[in-house]
Every structure is written in structure tokens, then in C-alpha cells.
Amino acid sequence: MTELLQKVRIIDPVSQIDELFDVLIADGYIQEVASHITDISPDTPIRDCRGLVIGPGLVDLYSHSGEPGFEERETLLSLLQSATAGGFTRISILPNTSPAIDNPALVAQLQQKRHGKMKERAKINLAAPASPLPLLHIWGAITLDVAGKQMTELADLASAGVVGFSDGKPLENLALVRRVLEYIQPLGKPVAFWPSDRQLTANGVMREGADALRFGLPPIPASAETTALAAMLELIATIGTPVHIMRVSTSRSVELIASAKAAGLPITASTTWMHLLLDTKAVKSYNTSLHLDPPLGNSSDVAALRAGVRTGVIDAIAIDHTPYSYEEKAQAFAEAPPGAIGLELALPLLWQYLVETEEFTALELWRALSTSPAECLGQKVSAILPHQPAELTLFDPQQTWKVERKSLYTLSQNTPWLGQQLKGHVVQTWC
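Just so you know, the residues in each chain are numbered from 1, in the order the chain's sequence is written. Thresholds applied to this predicted model are a pLDDT of at least 70 for local features of residues and 80 or more for the giving and counting of side-chain atom pairs; totals over whole chains, interfaces and linings are not thresholded and use all residues. The side-chain figures draw on all heavy atoms in the structure; neither hydrogens nor water molecules are used.

As named in an unreviewed UniProt entry, the protein chain is URA4, dihydroorotase, taken from Nostoc sphaeroides CCNUC1.

Below, the structure written as C-alpha cells:
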């Protein structure tokens, strides 16, 4: 299949390009990139892309799959379709499914399911192939049943092809963390930890501060994150194993990470997209989709996280897509499970509130959603150049759409933007 995209705005963090070009795509590859392409066959479809943006496919560092175990929340197919609809060409799922992804057999089973869905869709849509599914990467569990007690067979999981190791939960036994860092070092796979002291978190549900007092909700001090992070950084300094720090949510954490990077520690870090957009004032609505873990930060935290992403102290923006059924979220704020969906919403909302306001450049945002998360996974993203694979996202910053059941591929609706009109929509994804 061949298509010519005319006058499309290329945003390429690899080549540091933000310019208008024509792009010719054929048979899954970029054939030509030029100011004006005329040498094409007469039957080549031509798309007028004035006003549209194209960039490398987005890469999600970590999200949750309902399958296996909670298919009423999200199936593997609906998750992958949701990722494609949001412009993601690679998605990495955390292992805290049921059963947990703590053995090679389950890794193989999930990859086979993904390939099976591709073949099934191809047979159904012979004349007009369905949208391609993104690459599926799987985090292998660090501990059996992600219970934080006994290490999995890390080498076996590495051989099975996991993208890296993470429980997706806080791992508070520092002796175990130290042992994990020693065992993982020779395997050459990323390891991701979420620093959070659950004793300090206690029964809290929102960030400590004036808003928590005003809304009458149990607070979580920033030190629940920063004390765990400081201990983690000490272990990394001692052992030297590269580590990815997940779910950074406080201004003090940004300072600690900046100091650690300046000292040469082998770390990368990510925050989630909602922590860049909203602060504790949003919780005034008591919408349970705003109950997150870690919780939304105060305004000073949001400012520090945004600055951290722009400067590269925070390497990447993760989606942390966490689907729940309506019944699970239809509870009091403090009783509802924490998490929200985001794969189809992140790019439009981040573009609208960060790029259109000129707080971020388009290159800064696209880097944090594509090339940087890939680097955190030990992967590379190709530049938008001739003879490179067409792993691309075409985005219309001006297209409006309403967030509702019929407009979403994900099975779950736990988002504070449900029912709202958004500006910005992914037009096409090449995987």
C-alpha cells in the first residue's frame, strides 16, 4: 500500500526537525521525504495533510492489562486497539495481572494471543485490513505473584523475552531490592521501581496540604515518596545497576533525581501524564477517576514535574493506563481503587494544555512520549527518513471529539474527562 502525505508537519525528536514536508509511504516503509514530491505513480493516493502533525510512533513505558484475570475491565485486544487509537506503536504492560506474569509460560501465552488477534483480524478484513496493532512488550515480575517476598526466576524470564523487570507495586524490603539489583545486573534488562513507603502512605488518598484539609480526605505526605526514593538512590549508588524510577509525583523527588543524575547515577525517571495536567484542586469534584496512586500533586509539584520533563531530569511521560469497571469506581472517593484510563486521551490533552499554551514545544512533548520512553526500555526509535520503517503517528491538533463509550476502544470509562469535548485526535497510526 502506497500513500503520499502532502504538506504534513514533521515533528521528529531523533533528527530535531519541526518542519513541513511531503512524505511518501509504501509497503510499510518511508520511501521519500522532501519539500515537494512529484515522482509518483498515477494511482498513488494523495492526502492533503495541511494542519496535521506526524511524528515517530508513541511509546508507553507501563500500563495495566485486564487480561488475564479481569477481562471485564480490559481485554488484551481492546487494550491494543486503544493504544493504536491513541497513537501508540509500542505498549508495555505491567505484570500485576491474575495470575501475575511471573513465569515464562505466561509471557509466551500473551505474545501468542497478540499474534493470534493479528491473524484473526487479517482473515476478517481481507479486502480492507484493520488498523494494525502495536508491539506488545511485557514487564516480568520481580517477585512471585508480585507479593514482594520471593524473587522470580529472573534469568528464565529474561530468556522468555520480557522487556524488563518490575512489580508495578512498591517493593519495600530494601534487602530484597539490593539482592534484585545484584541479580539483574548481568541480565542487561531494565528494572523499574516505584518508590513509595506504604507505612507513611497509610490510608491516605490525596496529597497532603491545604486542599486535603479542605476536602476532608486522608492525606499522603510527599515524604512517602521521597524517603523511599532516597533509600533507592543510595542502593543504586552502591551497586551501580541502572534503574528506572516510576511514577515520580513530587517536586522534592525531581530535586533528588536531578542531584543523582548530576552525580552520575545510572537512572532514568518518568511521571504520568495526569500528574502533568492536574493538581489537588481538581479533587474538589470527588470524581473517583481522580483517585490516583501516587496522588495528584500540589501546584508546586506539577510545576516541578513539567520543568523536569522539559529539561530531561524526568526522561519520559508514562500513561499508566489503569482500567476499572463502572461498579468498581462507583464508590466513595477513598474506597474506590486508584487509577484511570489514558491511552486514547493523553496526546490530545497534553498537546492542548502544554503545546498550544506554548509551555512545551512540540518537539519536547513528542520526545517525552516517543524516543525517551523507548530509550528507558533500551530501545531505539527510527528517524523519519527514507528507507526507515513507517512506525508513525498522524495527529490532528484541531479535530474535536467527545469522550464517550462509542468513541473509545477501551472497555472501561474511568476518566475525569468522560462526556467532555476534546480538541486533538489521532488520525492514523502506522505500526
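Don't stop here, the text continues.
### Here's the deal with the UniProt feature "domain: Amidohydrolase-related" (unreviewed entry) in the protein chain
Rules: UniProt positions are given in the numbering used here, feature names are shortened, and annotations may be inferred rather than shown by experiment. Only DSSP runs of H or I reaching four residues or more are called helices, and only runs of E reaching two or more are called strands; each is numbered from the N terminus.
Here the UniProt feature "domain: Amidohydrolase-related" (unreviewed entry) sits at residues 253-430. Structurally, residues 253-430 comprises 31% helix and 17% strand, and the distance from its first C-alpha atom to its last is 36 Å.

### Observations regarding unusual backbone geometry
Between glutamate 67 and proline 68 the backbone carries a cis peptide bond, its omega angle lying at 5 degrees. Looking at where proline 68 falls in the secondary structure, it is placed in the loop between strand S6 (58-63) and helix H1 (76-85). The linkage connecting aspartate 293 with the following residue, proline 294, adopts the cis geometry, with an omega of 5 degrees. Secondary-structure assignment places proline 294 in the loop between helix H9 (273-277) and helix H10 (299-311).

### Points about the sheet that holds strand S15 (residues 316-318)
Strand pairing in a sheet is mediated by backbone hydrogen bonds. Such pairs are either parallel or antiparallel. For clarity, the cut-off: In this analysis, strands are considered paired if DSSP registers two or more bridges between them.
With respect to topology, four strands assemble into an open sheet ordered S10-S13-S14-S15, the strand pairing being parallel. At either end of the open sheet lies a strand with only one pairing partner, and these are strand S10 (192-193) and S15. Alignment of strand S13 (residues 243-245) against strand S14 (residues 267-272), held across three bridges, turns out to be parallel. For valine 243, the partnering residue across the bridge sits in S14 and is isoleucine 267.

### Remarks on the packing of aromatic side chains
Definition in use: Pairing of aromatic side chains here covers Phe, Tyr and the six-membered ring of Trp, requires ring centres within 6.5 Å, and sorts the geometry by plane angle: under 30 degrees stacked, over 60 edge-to-face, intermediate tilted. Classification of residues uses two cut-offs on accessible area relative to the type maximum, computed with a 1.4 Å probe and protein chains only: under 20% is buried, over 50% is exposed, and between them is partly exposed. Lysine NZ or arginine CZ positioned within 6 Å of the ring centre and within 35 degrees of the ring normal marks a charge as sitting over the ring.
Taken as a whole and judged by the stated rule, the model has four aromatic pairs. Taken together, a centroid distance of 6.2 Å and an interplanar angle of 65 degrees make the contact between phenylalanine 215 and tyrosine 286 edge-to-face. Placement of phenylalanine 215 in helix H6 (residues 210-215) and of tyrosine 286 in the loop between H9 and H10 is noted, with a sequence separation of 71 residues between them. By relative accessible area, which is 12% here, phenylalanine 215 ends up buried. By way of ring pairs, the aromatic residues Trp351, Trp366 and Phe395 are connected into one cluster. Directly above the ring of phenylalanine 70 sits arginine 73, whose terminal nitrogen or CZ lies 4.1 Å from the centroid. Here the basic side chain of arginine 247 rests over the ring of tryptophan 194, its NZ or CZ set 4.5 Å away from the ring centre.

### Overview of the nonpolar core
Threshold: The term nonpolar core refers to a set of buried residues drawn from Ala, Val, Leu, Ile, Met, Phe, Trp, Tyr and Cys, joined through side-chain atoms within 4.5 Å.
In this structure, Phe165, Phe193, Trp273, Ile317, Leu350, Trp351 and Leu365 are the most contacted members of the largest nonpolar core, which totals 96 residues. No other element matches helix H12 (residues 346-355), which puts seven residues into this core.

### Notes on the sheet that holds strand S7 (residues 88-93)
Taking strand neighbours across the sheet as the criterion, the four strands line up as S6-S7-S8-S9 in an open arrangement whose pairing is parallel. The two strands at the open ends of the sheet, each matched to only one other strand, are S6 and strand S9 (164-165). Bridge analysis of S6 against S7 gives four bridges, and the strand direction is parallel. Its bridge partner lying in S7, leucine 58 is registered against phenylalanine 88.

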